[in-house]
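Residue-level listing of the chains:
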Amino acid sequence: MTEIKGITESKLADIKTSYAQNRTLRDVIALLAPFHLTPKMAAKIYRELGPACVDILHKSPFGLCRISGIGFRRVDAIALKTGCQPHDPMRIQGAVNCALDEARSKNGHLFLPREELIGESLKLLNEKLPVPQLRLCREEVETVLEEMAAEGQTILSRDDIYPANVFSQEDETAYAIASLLSQKMPVEDISACLDKAKVQVGLTLSEKQEAAVQAAFHNPVSIITGSPGTGKTTVLKMVLEVYKALHPDKEIRLVAPTGRAGRRMAESTGFSDAKTMHSALGLLSGEDGDTRTDREKPLDAGLIVADEFSMVDMWLAKQFFPRIKQGTRLVLVGDPDQLPSVSAGNVFRELIACGRIPVTVLDRLFRQAGDSLIAYNAKFINEGTTKLYYGNDFIFLNAETQEDAARILREQYCKEISEHGISQVQILSPFRMDGAAGVNALNAVLREIVNPFHSQEDEITVGTKHFRAGDRIMQTRNTKHASNGDLGFIRFVRETPDGKEIGMDFGDGRESVYRPEDLVDLDFAYAATIHKAMGSECDVILMPLIRAHTIMLYRNLLYTAITRARKKVILVGQRSVLFMAIHRSNISRRNTRLGERIINYCRSFAPVRRSGAIGLAPDKWQKAG
């Protein structure tokens, strides 16, 4: 081929490499086709496992379980069809990992008790083995568990089993927090600065608010909690003003888990430079696609304020706390009565419950918030009270069926956006896919009402999604363009010599040009799940409360939804469902020992990276992270 004009030795090597890669990819697609894995998933497997992936699929297929979107059951079907024996230890190990992964993704658990893990593993192993003689017994699982612990794949702490990397997240976070708490920092006298700041800002403080401000300057780490309307923003303003006056040369960092929460904190405090925690830490994506730009560099600031901390999961906490340098004051702000983090862990509640960090609970509704029925009803719901106040800003509309609820939601949405603007109105539903009042169905219908077809040139199709200019959209993953959860609009779709370009507008001058492949990280945003709305606010919130959604309806979900609204809440459905949600407070406990580990490290602080665990030699510690 080098005899062909333009083909150099270097180009020939590239051609050979490309050919080999394409051939391997074709082999992977052919191997996986009978198991209904798409070419896109086959390409993902190739990217994860590299050129040896065909060999791995034949010899060690359960390695696929670690690739998100595949899971043990699919891999098990592939393995059994390609000759894997049901009692193969590799298969048992795959089931154990799957049980631990599902406990994290579905229930937020960091570990499972040993007996529960054995039971869940046996269910996975035996559900596709109808012949009793072929089924596995607990002794086989116990043997594999011992081997996994000996190899450092899992950590046995008491009688609980963690994946090794998850144990390191919890333990290293506890160590970092205890290290911060152990600092001997001066207690600063802020009386004069605080009095001056109150005059300058024109605010008065309640006794508890003043105590919260004092705590920020008397301790290396402090926590401020309270529901909307209890004055958390006032406290933050005072903390920031006082710190600026005391330390004009030191940097202040404001961070939050999402872009929307960060911008809301910047607007409310008047400090414009608020960032997402991912951005401040140099993380471009999440746990599954971790891309770091500045992994080990400490956060350089004299004061760090982290808002909406109830949204922080165990993985993000592990990235955050070890990066805070000694001498930094840290103030954590949040509402523990909201939904816990989407991903595993129960970080904020564990920090409060450990008893080692000063916590100020703001529980008084102030006049400006007290005029709103939303603030009162949020308090009543939190207390389990069903006697709510109704009026112009807190409305309940009856709907007997899900279809009726969806129709009323559509009508009310159109009415409210005509009054408040589309950016200030949001439908929040507990479910994405369940029926006419689920997020997907509402988005599909509302999109055609609010932004109907104009011309073919204004549209673009990516996979199964059809976007058009004017669509209201949400970013679903952190990228260089936008943060996960950011809301915006598609402003144009245009043809260029290099293909189509899509103009994105996320507000506040944040405009970007996307390529078609970037649209896979977008979703329609006329309606959204309540989990996706955490950390945000808008003028009007509409929410269905119907029997079909009862499995998801708990007090903290309802509380989180209504506290997203600044001016008006419209609930649509059955009052019996509303009352049931208010009374259901028995949220499943998440398996975590973060608070306990913080206490242990505080009691006997020493540079030791292990706490009551076996299965991991000290010299192997870093490999577990």
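Residues numbered from 1 in each chain as written. Predicted model: local features only at pLDDT ≥ 70, side-chain atom pairs only at ≥ 80, totals over all residues. Heavy atoms only, no water.

Peer 1: Tell me about the nonpolar core, residues and numbers included.
Peer 2: Counting residues in each nonpolar core, the largest one holds 46 residues, and the members touching the most others are Phe309, Phe320, Phe321, Leu330, Leu332 and Leu351. Looking at this core, the elements with two or more residues in it are helix 8 (164–181), strand 4 (221–226), helix 13 (277–281), strand 7 (303–306), helix 14 (314–320), strand 8 (329–334), helix 15 (347–353) and helix 22 (594–603). In terms of residue count, the dominant contributor to this core is helix 8 (ten residues). Core analysis: the second largest hydrophobic core is formed by 35 residues, Met311, Leu388, Ala581 and Ile582 among them. (Core = buried A, V, L, I, M, F, W, Y, C linked by side-chain atoms within 4.5 Å. Buried < 20%, exposed > 50% of the residue type's maximum accessible area, 1.4 Å probe, protein only. Helix = DSSP H or I, 4+ residues; strand = E, 2+ residues; numbered from the N terminus.)

Peer 1: I'd like a description of the pairing of strand 3 (residues 160–163), backed by residues and values.
Peer 2: Residues in a regular strand project their side chains so that they alternate between the two faces of the sheet. Burial along strand 3 is two-sided: the residues Asp160 and Tyr162 and Ile161 and Pro163 are all buried. Inspection of the sheet shows strand 2 (residues 154–157) paired to strand 3 by four bridges, in the antiparallel sense. Its bridge partner lying in strand 3, Ile155 is registered against Tyr162. The antiparallel hairpin formed by strand 2 and strand 3 contains two residues in its connecting segment, where Arg158 sits at a positive phi of about 60 degrees. (Pairing = 2+ DSSP bridges.)

Peer 1: Give me the lowdown on the sheet that holds strand 18 (residues 522–524), citing residues and values where you can.
Peer 2: Within the open sheet, the five strands sit side by side as 17-16-15-14-18. Their pairing is antiparallel. At either margin of the open sheet sits one strand with a lone partner, and together these are strand 17 (511–514) and strand 18. Neighbour to neighbour, the strand axes of the sheet diverge by 40 degrees on average, direction disregarded. Bridge count between strand 14 (residues 472–475) and strand 15 (residues 487–496): three bridges; the pairing is antiparallel. (Axes fitted to C-alpha atoms, helices over the stretch in contact; angles between N-to-C directions.)

Peer 1: Give a description of the packing of aromatic side chains that names residues and reports values.
Peer 2: Under the counting rule described, the total for this entry stands at 13 aromatic pairs. For the ring pair Phe309 and Phe320, a centre distance of 6.0 Å and an interplane angle of 55 degrees mean the geometry is tilted. Residue Phe309 is found in the loop between strand 7 and helix 14, and its partner Phe320 is found in helix 14; the two are separated by eleven residues along the sequence. According to the relative accessible area criterion, Phe309 is buried, its value standing at 0%. A relative accessible area of 1% means that Phe320 is categorised as buried. One aromatic cluster is present, formed by Phe309, Phe320, Phe321 and Phe348 through successive ring pairs. (Phe/Tyr/Trp six-rings, centres within 6.5 Å; stacked < 30°, edge-to-face > 60°.)

Peer 1: I'd like to hear about the environment of Ala565, residue by residue, with values.
Peer 2: Tracing the backbone through its elements, the reader meets Ala565 in strand 21 (residues 565–573). Sequence separation of Ala565 and Pro228 is 337 residues, and the distance between their C-alpha atoms is 9.8 Å.

Peer 1: Go over the packing of helix 6 (residues 114–126) against helix 7 (residues 138–150) with me, naming the residues and quoting the values.
Peer 2: At their nearest, the axes of helix 6 and helix 7 sit 10 Å apart, and the two run at 115 degrees to each other. Relative to helix 7, helix 6 is oriented so that their crossing is right-handed. Contact residues: helix 6 offers Arg114, Glu115, Leu117, Ile118, Ser121, Leu122 and Leu125, while helix 7 offers Arg138, Val141, Glu142 and Leu145. Each residue belonging to the contact of helix 6 with helix 7 can be placed in one class, and the counts come to six nonpolar, one polar and four charged. (Left-handed = near helix turned anticlockwise from the far one by under 90°. Contact = heavy atoms within 4.5 Å. Nonpolar A, V, L, I, M, F, W, Y, C, P; charged D, E, K, R; others polar.)

Peer 1: Outline the layout of surface pockets, supporting the account with residue identities and numerical values.
Peer 2: Of the voids in this model, the second largest pocket is the one considered here, and its volume is about 910 Å³. Contributions of two or more residues to the lining of the second largest pocket are made by helix 11 (232–246), helix 12 (259–269), strand 8, helix 16 (367–370), helix 17 (373–382) and strand 21. Tallied by class, residues from the lining of the second largest pocket come to eleven nonpolar, 15 polar and eight charged. (1 Å grid on protein atoms, 1.4 Å probe; cavity = no way out; pocket = protein on both sides within 12 Å on 5 of 7 lines; lining within 4 Å. Points joined across faces, edges and corners; volume = space filled by probe spheres on them.)

Peer 1: So what about the sheet that holds strand 5 (residues 252–256)? Which residues, and what values?
Peer 2: In spatial order, the strands read 6-5-7-8-4-9; together these six strands make up an open sheet with parallel pairing. Strands at the two margins of the open sheet, each flanked by one partner only, are strand 6 (274–276) and strand 9 (359–362). Averaged over all neighbouring strand pairs, the angle between strand axes comes to 20 degrees, with direction disregarded. Looking at chain direction, strand 4 and strand 9 are connected through four bridges and run parallel. The residue of strand 9 that forms the bridge with Gly226 is Leu362. In this fold helix 11 packs onto strand 4, strand 5, strand 7, strand 8 and strand 9, with an angle of close to 170 degrees to the strand it touches most, strand 7.

Peer 1: If you had to explain helix 19 (residues 439–450) to someone new, which residues and values would you point to?
Peer 2: The first and last C-alpha atoms of helix 19 sit 16 Å apart over twelve residues, in line with the 16 Å expected at 1.5 Å per residue. Within helix 19, burial applies to Val439, Leu442, Asn443, Leu446 and Arg447. In a view along the axis of helix 19, the buried residues occupy a sector of 125 degrees, so they form one face of it. Each element contacted by the buried residues of helix 19 is listed here: helix 18 (402–420), strand 11 (425–429), strand 13 (465–468), strand 18 and strand 19 (527–529). (Expected span 1.5 Å × (residues − 1). Arc of directions from axis to C-beta.)

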